[in-house]
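# A structural walkthrough
Here are the chains, one letter per residue:
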Amino acid sequence: MRSMNEFYFYTEGLAVGYHGVPLIKNIEIRVRRGEILTLIGPNGAGKTTILRSIIQQLQPLDGRVYLDGGEVSKLTGNQLARRLSVVLTERVRPELMSCEDVVATGRYPYTGKFGILSEDDRRIVKESMELIHISELADRSFTQISDGQKQRVMLARAICQEPEVIVLDEPTSFLDIRYKLEFLSILQSMTRKKNLSVIMSLHELDLAERISDQIVCVKGDHVDRFGPPEEIFTPGYIRQLYQMTAGTYEERTGDVELEAVRGEPQVFVIAGNGSGTPVFRRLQREGIPFAAGILWENDLDFPAAKALAAELISVEAFRPMGSCETEQAKQVMERCGRVICALPVAELKSLVGGPGQPLQELYRYAMDRGWIKDTNDKNDD
Amino acid sequence: MNQKRYFISFSILIVLLIAFLAVNLCAGSVSISLSEVWNCLRGRETDRVISDIVLQIRFPRAMAAVILGGALALSGYLLQTFFHNPIASPFILGISSGAKLVVALVMVFTLRYSVQVGSVGMILAAFLGAMISMAFVLLMAKALDKMSTLIISGVMIGYICSAITDFVVTFADDSNIVNLHNWSKGSFSGLDWNNVIVMALVTFVSLFLVFCMSKPISAYQMGESYAQNMGLNLPLFRTILVVLSSVLSACVTAFAGPVSFVGMAVPHLIKGLFRTSKPILLIPGCFLGGSIFCLLCDLLARTLFSPTELSISSVTAVFGAPIVIYIMINRKKEKA
């Protein structure tokens, strides 16, 4: 076992649950300073329970939580508050509080007996708001801003607490894509600038994969995997973790597709270089099973085709398309009796003489038999 | 800008307090001029009767209204904070009625056996009743997730306690029954300086303690999870809050009987005046507001149909209920 000294925040044999009944046992979470650790897992798997246990809001049933070498449970409330702050899913409805007031509550562990803010406190509140780009919200009433804005105010509040560890429960759930990325970028820059450690739960797998140094996969009663994202996102794992019954998640790209239409293919799509993906998705929406080909396995269209096509003819990356695949494709076309050529004609022409020439051949083959009906590229040379 | 608002708000409250205090001393079945009152206060009034009316009857009564009104408003503020509920108050949650019941039982018992119980004993009895009701409300709060049902259960406790009190009062066989009857309807009458000193001690110590809690209260307003992360010791905080609000409403009930709506309406008026939720301002603000509200209501109760005196609760309800309704409507609008 590695020395625990290198970790800033870690758990040992942690068991969490409610009313003395352990829900998840043997949780080992380890995070260094400046690292981001993310919990992923299906709804109700216990991510929030784990988070609430490590921030001492829920009594751990077994095991210990360490922060900077010391046991967290031995710290006083104030000591812990100065080192660890939170952004929770609990809805806050403070009346008559401006956003600045809400952010300023983060200074609570530092103010005196009556909670009067010093000049320093006010400066830190201001800086935190600038960092999250919410200075313009300062005087707005907290109850009257949008959920996304509230979330950012709560982050500013957490940062203004000047923590060394920040724990966030599904912080991006209410944010639109711009603010999701902005929010996570701020967290990332905080880890670099202030050596902040981040522990959070996320539902967005693609974002989790990109931002996390460590990922903890929580599955029902145990932690299924723990490690860097490249060890977590192995093909097929997400389907297994979430017990997905419909649709697919492509671990390598983060692409999501809806459930494929099964059955005998009715349309053959000649695709490549990203041209086919929108066509595949349209056919999926219309409920038409289709075949696709010929695609290199590193083609932009390959992930969507693999997820959605009832039949797929593909070639390993960097290998020429051979006559074998071409023949196979022709047979499938024959069965379908209808072909869509997603590739623009100009592009098809440029393939002549190259490794993609069979695509041009397939196109001609389909044209000659009148299988291509509804494409603008019909009027060829 | 905010500072200015706070300053003006406090000034308004203090001016109103002094003004109503003066009117309370002047007005009554015997009208006494301001200069005469001033003379009485300085001990220079030559007319013994007037001096007695001002110093022995009106002044202690007005002070009782100031102290108990403040205590009620503060108790309401604490309960609203505790339950995160805008209409929580000692009266609505049945805490006043619980206190009333135990005090009535003690009174009837002591009258029958001719035992004397002082103000302190009454406060203890009221506190016991308040804590019993409070315990029940807290149990309900634990069992019921919804705040609306909590309020309903509080109202029901109030009805049960009031019914038993009425029953006890009706069958109490003593000449003092009239007093008991008046008290059980709520009134500031018949309070002397000894009572005032005791209530002042209890109330001002509580006020001081509540004021010292303004920082944790501000954390608690952010919700329990966040408050805990700020380093607040929740169980301890909750216990102190419950005890203090019970002591305050018990003190009121012991001396003036149940007084409705002050605890509910005043904190909202004060929040509207200050436009803030900072406890450090609202705590003294609510106290002053409650004092003014009760001075006004007691003045009306005494003088409106003089010599017949109205029960204080009838007057506070007339003013308080519309305020609460207005607040509820406004709240709906804000949410929509």
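One can find the structure itself at the top, above this paragraph.
Residues numbered from 1 in each chain as written. Chains lettered and ligands numbered in written order. Predicted model: local features only at pLDDT ≥ 70, side-chain atom pairs only at ≥ 80, totals over all residues. Heavy atoms only, no water.

## Re the overall build of chain A
Looking only at helices and strands, chain A has 14 helices and 17 strands in total. The globule rule puts the C-alpha radius of gyration for 381 residues at 21 Å, and the 27 Å found for chain A is more than 25% above it. Based on the C-alpha atoms only, the size of chain A along its principal axes is roughly 85 × 50 × 35 Å. Considering chain A as a whole, with its 381 residues, one finds that 54% of them fall into the buried category. Sequence separation of 24 or more characterises 63% of the internal contacts of chain A that already satisfy a separation of 6 or more. Approximately 17500 Å² of chain A is accessible, and the part contributed by carbon and sulfur atoms is 47%. Charge separation in chain A, taken as the distance between the mean sites of 46 positive and 55 negative side-chain charges, equals 3 Å. (Helix = DSSP H or I, 4+ residues; strand = E, 2+ residues; numbered from the N terminus. Rg over C-alpha atoms; globule rule 2.2 N^0.38 Å. Buried < 20%, exposed > 50% of the residue type's maximum accessible area, 1.4 Å probe, protein only. Contact = heavy atoms within 4.5 Å. Areas by Shrake-Rupley, 256 points an atom, 1.4 Å probe, with all protein chains shown as cover. Lys, Arg positive; Asp, Glu negative; His and termini not counted. Charge placed at Lys NZ, Arg CZ, Asp CG, Glu CD.)

## Thoughts on the packing of helix α5 (residues 119-143) of chain B against helix α11 (residues 234-256) of chain B
Residues and elements named next belong to chain B. Running from N to C, α5 and α11 cross one another at 130 degrees; their axes reach a closest spacing of 7 Å. In terms of orientation, α5 lies oblique with respect to α11. Relative to α11, the crossing made by α5 is right-handed. Side by side, α5 and α11 meet where S119, M122, I123, A126, F127, A130, M131, M134 and L138 of the first sit next to V242, V243, S245, S246, V247, A250, C251, A254 and F255 of the second. (Axes fitted to C-alpha atoms, helices over the stretch in contact; angles between N-to-C directions. Parallel < 35°, antiparallel > 145°, perpendicular 65-115°, else oblique. Left-handed = near helix turned anticlockwise from the far one by under 90°.)

## Comments concerning helix α4 (residues 95-112) of chain B
All names here are of chain B. In a regular helix each residue adds 1.5 Å, so 18 residues correspond to 26 Å; α4 covers 26 Å between its end C-alpha atoms and thus fits that length. For α4, the tally of buried residues reaches 13 of 18 residues, placing the bulk of the element in the interior. Phi for S114, located one or two positions after α4, is positive at around 50 degrees. (Expected span 1.5 Å × (residues − 1).)

## Here's the deal with the pairing of strand β16 (residues 311-315) of chain A
When strand β15 (residues 290-296) of chain A meets β16(A), the two strands line up parallel, connected through four bridges. In the sheet register, A291(A) faces β16(A), and the bridge partner there is E311(A). (Pairing = 2+ DSSP bridges.)

## Re the interface of chain B and chain A
Taken together, the contacts link 26 residues of chain B with 32 residues of chain A. Buried surface at the junction of chain B and chain A, summed over both partners, amounts to about 2400 Å²; 54% is from carbon and sulfur atoms. Of all residues in chain B, K215(B), Y226(B) and N229(B) bury the most surface against chain A, accounting for 32% of the area lost on that side. Where chain B packs against chain A, one counts two salt bridges. For K278(B), the salt bridge goes to D101(A), with nearest N and O atoms at 3.8 Å. Along the contact surface separating chain B from chain A lie ten residue pairs in polar contact (both at pLDDT 80 or more). Counting residues per element, the ones that place at least two in the side of chain B that touches chain A are α8 (193-212), α9 (214-220), α10 (224-229) and α14 (312-335) of chain B. Class assignment for the residues of the side of chain B that touches chain A results in nine nonpolar, ten polar and seven charged. (Buried area = accessible area lost by both parts, 1.4 Å probe. Salt bridge = Lys/Arg side-chain N within 4 Å of Asp/Glu carboxyl O. Polar contact = N/O pair within 3.5 Å; in protein donor to acceptor, adjacent residues only side chain to side chain. Nonpolar A, V, L, I, M, F, W, Y, C, P; charged D, E, K, R; others polar.)

## Description of the pattern of salt bridges
Residues and elements named next belong to chain A. Counted under the stated rule, the structure contains 28 salt bridges over all chains. Of the charged contacts, one joins R91 and D147 as a salt bridge, the two residues approaching to 3.7 Å between their closest N and O atoms. Highlighted residues: R91 in the loop between β7 (84-87) and α3 (99-104) and D147 in helix α5 (residues 147-160), separated in sequence by 56 residues. By relative accessible area, R91 is classed as partly exposed at 48%. For D147, a relative accessible area of 30% corresponds to the partly exposed category. Salt bridges here are not isolated pairs; linked through shared partners, they connect R64, E71 and K74.

## Let's talk about the packing of aromatic side chains
If you walk through the whole model with that rule in mind, you get twelve aromatic pairs over all chains. Pairing F82(B) with Y220(B) gives two aromatic rings, centres 6.3 Å apart and planes at 20 degrees, and the pair type is stacked. Taken together, the residues span a long stretch of sequence, with F82(B) in helix α3 (residues 48-83) and Y220(B) in helix α9 at a distance of 138 residues. Y220(B) carries the same exposure label as F82(B), and that label is buried. Each ring, one from F204(B) and one from F287(B), has its centre 5.8 Å from the other, and the planes form 45 degrees; the classification is tilted. One end of the pair, F204(B), is in helix α8; the other, F287(B), is in helix α13 (residues 279-303), and 83 residues separate them in sequence. Here F287(B) falls in the buried class, since its relative accessible area comes to 7%. Above the plane of the ring of F7(A) lies R30(A), whose end atom (NZ or CZ) is 5.8 Å from the centre. Seen from the ring of Y365(A), K330(A) lies directly overhead, with NZ or CZ sitting 4.8 Å from the centre. (Phe/Tyr/Trp six-rings, centres within 6.5 Å; stacked < 30°, edge-to-face > 60°. Lys NZ or Arg CZ within 6 Å of the ring centre and 35° of its normal.)

## Focus on the sheet that holds β16(A)
Residues and elements named next belong to chain A. Pairing is parallel across the open sheet formed by four strands, whose spatial order is β16-β15-β14-β17. Single-partner strands in this sheet number two, and they are β16 and β17 (339-341). The sheet shows a mean angle of 15 degrees between the axes of neighbouring strands, direction not considered. Direction of pairing for strand β14 (residues 267-270) relative to β17: parallel, over a ladder of three bridges. When the bridges of β17 are listed, F268 appears paired with V339.

## Section: the environment of E297(A)
All names here are of chain A. On the secondary structure map, E297 appears in the loop between β15 and α11 (302-308). According to the relative accessible area criterion, E297 is partly exposed, its value standing at 39%. Taking the C-alpha atoms as reference points, E297 and F268, separated by 29 residues in sequence, lie 18 Å from one another. The contact partners of E297, leaving out residues within four places of it in the chain, are F302, S314, V315, E316 and A317.

## Some details on a nonpolar patch on the surface
All names here are of chain B. A contiguous nonpolar surface patch, about 380 Å² in accessible area, is contributed by F7, I8, I12 and L16. Mapped onto the elements of the fold, I8 is located in helix α1 (residues 2-26). Residue classification places I8 among the partly exposed positions, given a relative accessible area of 42%. (Patch = residues over 30% accessible without salt bridge, like charges linked within 9 Å, V, L, I, M, F, W, Y side chains within 5 Å.)

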